[in-house]
Amino acid sequence: DAEASTTGGLYLIVDLNISNAVYLFGSATAGTTWTQSSFMSSAAAHPNWSKTLYGDTLSIAYYGPIVGLSDTSTAAIRVVRYRETTVGTLAVTGSFLTVVTAGNPKPQFRTAINGSNAWLFYSQGTTGSIDLYCMVSTDMGVTYGTAFQVTNPAGRDEYWFDAKTF
């Protein structure tokens, strides 16, 4: 996944499928050179992120830990916030947080963040019974409330959603 900041920083998050390692890369030159390379996790998969609309904070969601799982989608969903400290450089702000526990398959998830509000959307279940859920944070992703169903018409699975702020 890639994201640009309002200051001109460009950021890339990479999931190394063979080793389950996740790295962050940062550029202050629109991708001409990459000056930051940060290790995020050795047991994560499918990271995605959302940037605050007018700010310098990223909310990253990912499966983790995934070690020993035969189905990655049954891992917990974790979130962490990174903040741009200088153009092209990100640093963790706060802590890594498990917001959805391991267990049932969660085939998709996505964060959105705007101002002090953050949302985590995720689908849960297996084909024939996949429902869409949301968790809301009013403190920029430091804590999240209880999950609730967004919309789940009977007899229909909720596939392939996206969440963005604009």
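Residues numbered from 1 in each chain as written. Predicted model: local features only at pLDDT ≥ 70, side-chain atom pairs only at ≥ 80, totals over all residues. Heavy atoms only, no water.

Engineer: Honestly, the environment of alanine 61 in this entry has me stumped. Any pointers?
Structural biologist: Relative to the helices and strands, alanine 61 resides in strand β6 (residues 57–63). Taking the C-alpha atoms as reference points, alanine 61 and leucine 120, 59 residues apart in sequence, are found 8.3 Å from one another. (Helix = DSSP H or I, 4+ residues; strand = E, 2+ residues; numbered from the N terminus.)

Engineer: Would you explain the environment of methionine 135 in this entry?
Structural biologist: Relative to the elements of secondary structure, methionine 135 occurs in strand β11 (residues 131–137). For methionine 135 and tyrosine 62, which are 73 residues apart along the polypeptide, the C-alpha to C-alpha distance reads 15 Å. Other than its neighbours up to four places away in sequence, methionine 135 contacts Val99, Val100, Ala118, Trp119, Leu120, Tyr122, Tyr144, Gly145, Thr146 and Ala147. (Contact = heavy atoms within 4.5 Å.)

Engineer: Looking at this structure, I do not really get the sheet that holds strand β3 (residues 21–27). What am I missing?
Structural biologist: Across a sheet, strands are paired by hydrogen bonds formed along the backbone, either parallel or antiparallel in direction. Here we have four strands laid out as an open sheet, ordered β1-β2-β3-β4, and antiparallel in their pairing. Two strands lie at the open edges of the sheet, namely β1 (2–4) and β4 (36–41), each paired on one side alone. Each neighbouring strand pair of the sheet contributes to a mean axis angle of 20 degrees, computed without reference to strand direction. By the bridge criterion, seven bridges tie strand β2 (residues 10–16) to β3 in an arrangement that is antiparallel. (Pairing = 2+ DSSP bridges. Axes fitted to C-alpha atoms, helices over the stretch in contact; angles between N-to-C directions.)

Engineer: Would you take a moment to explain the pairing of strand β5 (residues 45–51) for this structure?
Structural biologist: A regular strand carries its side chains on alternate faces of the sheet. Judged by how many residues are buried, β5 sits mostly within the fold: six of seven residues are covered. Bridge count for β5 against β6 is five bridges, and the pairing is antiparallel. Note on β6: the bridge partner recorded for lysine 51 is leucine 58. Connecting the antiparallel pair β5 and β6 is a turn made up of five residues. (Buried < 20%, exposed > 50% of the residue type's maximum accessible area, 1.4 Å probe, protein only.)

Everything listed is a geometric property; what it means functionally is a separate question.
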